[in-house]
Amino acid sequence: MSESQGHRNLEGWTHIYSGKVRDIYCPTSASTHSGTDTFLIVASDRISAYDYVLPTQIPDKGAILTQLSLWWFDQLSDLTENHVLSTNVPEEVRGRAMITKRLDMFPIECVVRGYLTGSGLSEYKESGAVCGVALPVGLSEASQLDFPIFTPAAKAKLGDHDENITFTETVERIGAAAHELRSTSILLYQRAHEIALQRGIIIADTKFEFGKSAETSSSEIILGDEVLTPDSSRFWYADGYEAGSVQPSLDKQFVRDWLTSPASGWDRTSGELPPALPDDVVERTRDRYVEAYETLTGQNWQ
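In this text the structure is predicted, and so the values were computed from the model without any measurement.

About the thresholds
- Residues numbered from 1 in each chain as written.
- Predicted model: local features only at pLDDT ≥ 70, side-chain atom pairs only at ≥ 80, totals over all residues.
- Heavy atoms only, no water.
- Helix = DSSP H or I, 4+ residues; strand = E, 2+ residues; numbered from the N terminus.
- Polar contact = N/O pair within 3.5 Å; in protein donor to acceptor, adjacent residues only side chain to side chain.
- Salt bridge = Lys/Arg side-chain N within 4 Å of Asp/Glu carboxyl O.
- Buried < 20%, exposed > 50% of the residue type's maximum accessible area, 1.4 Å probe, protein only.
- Core = buried A, V, L, I, M, F, W, Y, C linked by side-chain atoms within 4.5 Å.
- Contact = heavy atoms within 4.5 Å.
- pLDDT = per-residue confidence, 0-100.
- Disulfide = S-S within 2.5 Å.
- Pairing = 2+ DSSP bridges.
- Axes fitted to C-alpha atoms, helices over the stretch in contact; angles between N-to-C directions.
- Parallel < 35°, antiparallel > 145°, perpendicular 65-115°, else oblique.
- Nonpolar A, V, L, I, M, F, W, Y, C, P; charged D, E, K, R; others polar.
- Expected span 1.5 Å × (residues − 1).

Caption draft 1: How the structure looks around the side chain of Ser 44. As for its position among the elements, Ser 44 is in the loop between strand S3 (38-43) and strand S4 (48-49). Side-chain polar atoms of Ser 44 contact the backbone oxygen of Val 21, separated by 2.7 Å. Side-chain polar atoms of Ser 44 contact the backbone nitrogen of Arg 46, separated by 3.0 Å.

Caption draft 2: Summary view of the pattern of salt bridges. Applying the stated criterion across every chain yields a total of 15 salt bridges. The partner of Asp 78 in a salt bridge is Arg 191, and the shortest N-O contact between them spans 3.0 Å. In this pair, Asp 78 sits in the loop between helix H1 (61-75) and strand S6 (84-86) while Arg 191 sits in helix H4 (residues 177-198), placing the two residues 113 residues apart along the sequence. Judged by relative accessible area, which is 55%, Asp 78 ranks as exposed. According to the relative accessible area criterion, Arg 191 is partly exposed, its value standing at 23%. A salt bridge links Glu 209 to Lys 155; its shortest N-O distance comes to 2.5 Å. Here the residue Glu 209 occupies a position in strand S15 (residues 201-213), and Lys 155 occupies one in the loop between strand S13 (153-154) and strand S14 (163-164), the gap between them amounting to 54 residues. On the accessibility criterion, Glu 209 (10% relative accessible area) is buried. In this structure Lys 155 comes out as partly exposed when scored by relative accessible area, which is 28%. Several salt bridges converge on common partners, so that one network encompasses Glu 109, Lys 155, Lys 207, Glu 209 and Asp 225.

Caption draft 3: Representation of the nonpolar core in the model. Among the nonpolar cores identified, the biggest contains 63 residues, and Trp 72, Phe 208, Phe 210, Leu 259 and Leu 277 are the most heavily contacted of them. Breaking this core down by element, the ones donating at least two residues are H1, strand S9 (108-115), helix H3 (167-174), H4, S15, strand S17 (233-237), helix H5 (253-259) and helix H6 (279-297). Leave out the neighbours within four places in its chain, and Phe 210 touches Met 105, Phe 106, Cys 110, Leu 181, Thr 184, Ser 185, Leu 188, Ile 221, Ile 222, Leu 223 and Gly 224. Membership of the second largest hydrophobic core comes to 9 residues, among which are Val 42, Val 89, Val 93 and Ala 97.

Caption draft 4: View of the side chain of Ser 264. Within the secondary structure, Ser 264 is located in the loop between H5 and H6. A residue is classified by how much of its surface remains accessible, and Ser 264, at 12% relative accessible area, is buried. Those residues in contact with Ser 264, other than ones at most four positions away along the chain, are Trp 258, Leu 259 and Pro 275.

Caption draft 5: Broad picture of the confidence of the model for the protein. When pLDDT is averaged along the protein, the result is 91; 93% of the residues meet or exceed 70. Taken as a whole, residues 1-5 scores under 50 in pLDDT and shows 12 contacts with residues more than four places along the chain or in a different chain.

Caption draft 6: Summary view of unusual backbone geometry. The phi dihedral of Asp 60 falls on the positive side, at around 75°, and the residue is not glycine. With respect to the helices and strands, the residue Asp 60 is situated in the loop between strand S5 (52-53) and H1. At Cys 131, a position not held by glycine, the phi torsion is positive, near 50°.

Caption draft 7: Broad picture of the state of the cysteines. Applying the stated rule across the entire model yields 0 disulfides. Not engaged in a disulfide, the cysteine Cys 110 finds its nearest cysteine sulfur in Cys 131; these two sulfurs lie 12 Å apart.

Caption draft 8: Spotlight on the sheet that holds strand S2 (residues 22-27). Here 5 strands make up an open sheet; going across it, the order is S1-S2-S3-S7-S6 and the pairing antiparallel. The sheet terminates laterally at strand S1 (13-18) and S6, the two strands that pair on one side only. Looking at each pair of strands side by side, their axes are set apart by 40° on average, direction ignored. Note that S3 and strand S7 (residues 97-101) share 5 bridges and pair antiparallel. Considered in S7, the bridge of Thr 38 is made with Lys 101. Set on the sheet, H1 makes contact with S2, S3, S6 and S7; between it and S7 the angle comes to about 45°.

Caption draft 9: Expanded view of the packing of H3 against H4. Across the interface, H3 lies against H4 with an axial gap of 8 Å and an inter-helix angle of 130°. By the angle between their axes, H3 is oblique relative to H4. The segment H3 lies against H4, with Phe 167, Thr 170, Val 171 and Ile 174 engaging Ala 177, Ala 178, His 179, Leu 181 and Arg 182. Of the residues in the contact of H3 with H4, the class split is 6 nonpolar, 2 polar and 1 charged.

Caption draft 10: Here's a closer look at H6. For H6, built from 19 residues, the straight-helix expectation of 27 Å at 1.5 Å per residue is met to within 8% by its first-to-last C-alpha distance of 27 Å. Listing the buried residues of H6 in full gives Val 281, Val 282, Thr 285, Tyr 289, Val 290, Ala 292, Tyr 293, Leu 296 and Thr 297. Check the buried side of H6 and you find it contacts H1, H4, S15, S17 and H5. Just downstream of H6 lies Gly 298, where phi reads positive at about 75°.

What follows is the structure, encoded as structure tokens:
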């Protein structure tokens, strides 16, 4: 089966789940990989926005996100354990897949914001706080916060909206682990923000996902999913940054902006599926993903 039609058939691996942009496989037999506690996670070229999977793909997107995540996992490896075991994957998905530990994931999106924008800004304007975290008066679009804030969201089922929740509500849902998720998420964001800023990119906000080993009784949290990509983060140019105005970005906000522009003809409140992306939007979106990868890693894309 081709990627355009859905997940691929991969020898030695059995497809078990497809998310918005990733396909997950488990070993068909224990001999596929050392042990049975592994997943093969394949990043497709699908792109999602406003909780819809768009009908148009972005060439190379899955490979770019995988390679950038692997780079970030390496940069952050001294701060927390991650789920990556190997990149020795089937040839058909080489470059866009990784073999990982099987985790029981926390049902929480660990969002960290260092700057105020998007839904965070909207909530701040209404209440002076974001997810229950009170902020100083007088902040505006793209204002840098004095200290990064943890603004969690409860994961929704595929097709539903994630729900922003307070830290207290997070504790009620997952218990004392919430404290470690918060402190680790902020620590990771601070390290990543410092690294990216040295390379000319501001990470305005990002989200992390964590789990625990599905095979052991260890209480250690493990970083999973993707990390610090243009899909999971807001990347701004450091050069020219100025609070008070919308910042040019190197992430999929470009796609969101087109979808909500008159040019798309789509009303996001209509319940109708989004339209296909024009060729120029596809090309310019891919260019942003490539630029983010090359700027952060210092490596040329193929």
